[in-house]
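# A look at the structure
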Amino acid sequence: MGKKLLVEKVYESIAAVLPITAIVLVLSVSIAPLSPGTWTLFFFGALMLIFGMGFFTLGAEMSMIPMGEGIGVLLSKSKKHAIPLVVCFVLGVVITIAEPDLTVLANQVPSIPNMVLILTVAVGVGLFLMLAQIRIYKRIPLSYLLVIFYAVIFVLAFVIPDNFVAVSFDSGGVTTGPITVPFIMALGIGMASVRTDKNSSTDSFGLTALCSVGPILAVMILGICFRPEDAAYTPVPLVELDTTKAVAREFARAFPHYAEEVAVALIPVILMFVVYQLISKRFHKHQLIRVVLGLVYTYGGLVMFLTGVNVGFMPAGQFIGQTIAGAAGVQKFLLIPIGALIGYFIVKAEPAVRVLTKQVEEITNGSISQKAIGTALSIGIALSVGLAMLRILTGLNIMYFLVPGYVLALVMTFFVPQIFTGIAFDSGGVASGPMTTTFLLPLAMGACEAVGGNILTDAFGIVAMVAMTPLFTIQLLGLYSKIKKKLAKSQQIALEELDDCIVFFDEV
C-alpha cells in the first residue's frame, strides 16, 4: 500500500515539475540559451525535485499532519489556557529559527547580524501563533485581525527605510516553509476540531496567515531600530561546469549541507511530538511506526528537494533573467509574459501547496476541490510574477502594488465566506516557498542586474508579490461560490413556487 501511494505521489510530482522543465527547455534553445553545464544542473535538479516532492508529500501525510492535529487537540483540551499559549510561542520560535529559507534571507541583509534578524522573525511567529490560538478560543473573525494588523503594517511601511520595505514583506513569506506549513495547518485543524459549533472548520484555517503577519511587523520594527540603509544582496555566482562528473560533484557537495539543515529543522518538531506522546499516549505501536516512517520520508524528500532546487534551479533562473532583461529594445519586455507563465506552473511544484489543497478538500468534504484551489493559486501567482517583472523593468515602487492589493483583499474579507478568507491568507504564505526563493528570486535578481536596478528594492519583493495575489484570486473563488449558491437557492425557491401554483390550479 505504501509503495503504491509513493508511486502515485511521484507521478503527481512529474505532472507538477514537467511544465516548468519544458518552459526552461524551450527558453534555453531560443531566446535564453543556457550553457551545457547550467542546463545539466537544471535537468538533474528537476529529477531530484520529482522524487523529493513525492517522498515529502507522502511523508507529510503520514507524520507531520497527524502529529500537528494530535498536539492541537491536546492543547485545546487543556483547562489552563496559559500552558497551551506558552507551548505555541515556544513551538513557533523554535521551528522558525530552524527554517532554511529564513537563513537564506538573513544572509542577504549584512547590516543586521544574522541571529538578530532570525530571532526577531522567530519571536514574531511565536507571538502570532499565540494570537491565532486565542482567536480560535475566543472565536474572533479572522478578517477583523487581518484588517487591524495590515493597517499597522502599512503605517509602518511609510516610516521604515525604503530599501527595507521589500525585505520586511518577504520575511513573512519565507517563514512559512515546507516544514512549518504542514505542521501549523494541522495544529489549527486539531485545535478547532474539539469545538462542535458550525464555524469550527472555518476557524481551523488562518494560523499560517497570522504567522506570516508577525514576521512582517517584527522586521519592520527591527528596521526602524537598525536603519539598514547599506543593506545589499550578493548574487550567487554562476559556475561553469564542463562534465557530468563536475555536475554530480556540485550536488554531492551540497547534499550534506541540506541534510544538516533539514535535520535541524525537524528536530524541534520531533521533540515536541515525543513530549506529546509521553503525555497523551495517543498513538499506538503501529501508528507510531507509521509516523516514524513518515518522518523518514519527509526528511529524505525534503533533502532531495532542497538540494535540487538550490543547486539546479538557482543558476538557471538567474541566467534566464539576465539574458531576457538584457536584450535590446522591446524584447526585454518578454520577461513579463514569460515570468507570468513560469509563475502559473511553478506554484504546482511547491511541496506545501500540495499539502494545503489536500487538507482544504478533506476539511470541506470535497466542496472546495484541490483543482479549484490549485487553479486560483496558479492564476494569482502568474499575475504576481508578471507584475514583479514589470516592476523590475520600470523601477516602480513596490508599495504601488502592495497597498491596493492588500486593500482589495481585506475589503473582500467582509463579502466572502469566512472559510475562503482563511484559505486565501494561508495560501499566500504557502505559495511563497522554496521554489520562489530558489528560482523566481534568482530570476528577478538576474533581470534586475541586467537593467541596472537596485537588487534590494526591485528584485526583493517578489516573495511579497507571490504572497499577495492569492489573497484575492481565492477570495474571488469564494465570491463565485457564494453567488452560485444564492442563484441555485433562488432557482430552487422559484421551482417550488411554480410547483405550488401547478398544484393549486390542478385543485381548482
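Residues numbered from 1 in each chain as written. Predicted model: local features only at pLDDT ≥ 70, side-chain atom pairs only at ≥ 80, totals over all residues. Heavy atoms only, no water.

All right, on to the overall build of the chain then. Across its full length, the chain carries 20 helices and zero strands. In the chain, which comprises 508 residues, the share counted as buried stands at 56%. Contacts spanning at least 24 positions in sequence make up 87% of the contacts within the chain whose residues lie at least 6 apart. Approximately 20,600 Å² of the chain is accessible, and the part contributed by carbon and sulfur atoms is 69%. (Helix = DSSP H or I, 4+ residues; strand = E, 2+ residues; numbered from the N terminus. Buried < 20%, exposed > 50% of the residue type's maximum accessible area, 1.4 Å probe, protein only. Contact = heavy atoms within 4.5 Å. Areas by Shrake-Rupley, 256 points an atom, 1.4 Å probe, with all protein chains shown as cover.)

Once that is clear, we can look at the packing of helix H2 (residues 36-77) against helix H14 (residues 351-363). Remark: H2 packs on H14, axes separated minimally by 10 Å, with the N-to-C direction vectors making an angle of 55 degrees. In this view, H2 runs oblique relative to H14, as classed from their interaxial angle. Remark: the crossing between H2 and H14 carries right-handed chirality. Counting all contacts with H2, which are made through Met53, Phe56, Thr57, Ala60, Glu61, Ile65 and Glu69, the residues of H14 involved are Pro351, Ala352, Arg354, Val355, Lys358 and Gln359. (Axes fitted to C-alpha atoms, helices over the stretch in contact; angles between N-to-C directions. Parallel < 35°, antiparallel > 145°, perpendicular 65-115°, else oblique. Left-handed = near helix turned anticlockwise from the far one by under 90°.)

Another aspect to go through is a nonpolar patch on the surface. A contiguous nonpolar patch, built from Tyr144, Val147, Val407, Val411, Phe414 and Phe415 and spanning about 570 Å² of accessible area, is present on the exposed surface. Taken together, the elements giving at least two residues each to the nonpolar patch come down to helix H6 (142-157) and helix H16 (399-412). Considering the arrangement of structural elements, one finds Val147 in helix H6. (Patch = residues over 30% accessible without salt bridge, like charges linked within 9 Å, V, L, I, M, F, W, Y side chains within 5 Å. Salt bridge = Lys/Arg side-chain N within 4 Å of Asp/Glu carboxyl O.)

For the rest of this paragraph, the subject is the state of the cysteines. A full pass over the atoms with the stated rule returns zero disulfides. Of all cysteine sulfurs in the structure, the one in Cys88 sits closest to Cys211, which takes part in no disulfide; the separation is 8.7 Å. Under the relative-accessibility criterion, Cys211 is labelled buried at 1%. (Disulfide = S-S within 2.5 Å.)

The end-to-end C-alpha distance of H2, which contains 42 residues, comes to 58 Å, matching closely the 62 Å that a straight helix rising 1.5 Å per residue would cover. Where H2 bends most, at Ala60, the angle is about 45 degrees. Counting buried residues along H2, 30 of its 42 residues qualify, which places the element largely inside the surrounding structure. (Expected span 1.5 Å × (residues − 1). Bend = angle between axes of the 7 residues up to and from the residue.)

Turning our attention to the packing of helix H13 (residues 335-346) against helix H15 (residues 370-394). For the pair H13 and H15, interaxial distance at closest approach is 7 Å and the crossing angle is 150 degrees. Judged by the angle between their axes, H13 and H15 are roughly antiparallel. The crossing of H13 and H15 is right-handed. On the side of H13, the interface is formed by Leu335, Ile336, Gly339, Ala340, Gly343 and Tyr344, while H15 contributes Ser378, Ile379, Ile381, Ala382, Val385, Gly386, Met389, Leu390 and Leu393.

Close approach of charged atoms allows side chains with opposite charge to pair. Summed over all chains, the structure comprises two salt bridges. One salt bridge in this structure joins Lys9 and Glu61, with 2.5 Å as the shortest N-O distance. Here Lys9 is found in helix H1 (residues 2-28), whereas its partner Glu61 is found in helix H2, with 52 residues between them in sequence. Lys9 gets classed as buried once you look at its relative accessible area, which sits at 9%. Given the relative accessible area of 23%, Glu61 is considered partly exposed.

Right, let's get into the side chain of Ser168. Mapped onto the elements of the fold, Ser168 is located in helix H7 (residues 165-174). Excluding residues that lie within four positions of it along the chain, Ser168 makes contacts with Ile160, Ile216, Val219 and Met220.

Another point: the environment of Thr436. Mapped onto the elements, Thr436 comes out in helix H18 (residues 434-451). Each C-alpha atom of the pair Thr436 and Val174 lies 9.1 Å from the other, and the pair is 262 residues apart in sequence. Dropping the residues within four chain positions of it, Thr436 is found in contact with Glu350, Ala431, Leu441, Pro442, Val463 and Val466.

Further remarks concern unusual backbone geometry. Although it is not a glycine, Arg139 sits at a positive phi angle of roughly 60 degrees. Positionally, Arg139 belongs in the loop between helix H5 (114-138) and H6.

Within soluble globular proteins, side chains that are nonpolar tend to cluster in buried spots. Phe169, Ile342 and Phe439 are the most contacted members of the largest nonpolar core, which has 156 residues in total. Broken down by element, this core gets its largest block of residues, 16 residues, from H2. Dropping the residues within four chain positions of it, Phe169 is found in contact with Ile153, Phe154, Ile216, Met220, Leu402, Tyr406 and Ala464. (Core = buried A, V, L, I, M, F, W, Y, C linked by side-chain atoms within 4.5 Å.)

Attention now moves to the confidence of the model for the chain. On average, the chain scores 81 in pLDDT, and the residues at 70 or more come to 89%. Confidence scores differ between elements of the chain, with helix H9 (residues 200-203) showing the lowest mean pLDDT of 63 and H13 the highest of 91. (pLDDT = per-residue confidence, 0-100.)

All right, on to H14 then. With 13 residues, H14 extends 19 Å between its outermost C-alpha atoms, agreeing within 8% with the 18 Å of an ideal straight helix rising 1.5 Å per residue. All buried positions along H14 are accounted for by Pro351, Ala352, Val353, Arg354, Val355, Leu356, Thr357, Gln359 and Val360. Asn365 sits one or two residues past H14 and shows a positive phi near 55 degrees.

Summarising the element assignment, Tyr11 is placed in helix H1. Classification of Tyr11 by relative accessible area gives exposed; the value is 59%. Along the backbone, Tyr11 and Ile50 are 39 residues apart, and their C-alpha atoms lie at a distance of 8.3 Å.

Here Ala259 is to be found in helix H11 (residues 244-280). In this structure, the C-alpha to C-alpha distance between Ala259 and Leu302, residues 43 residues apart in sequence, is 8.6 Å. For Ala259, the residues in contact, after removing those within four places along its chain, are Tyr299 and Val303.

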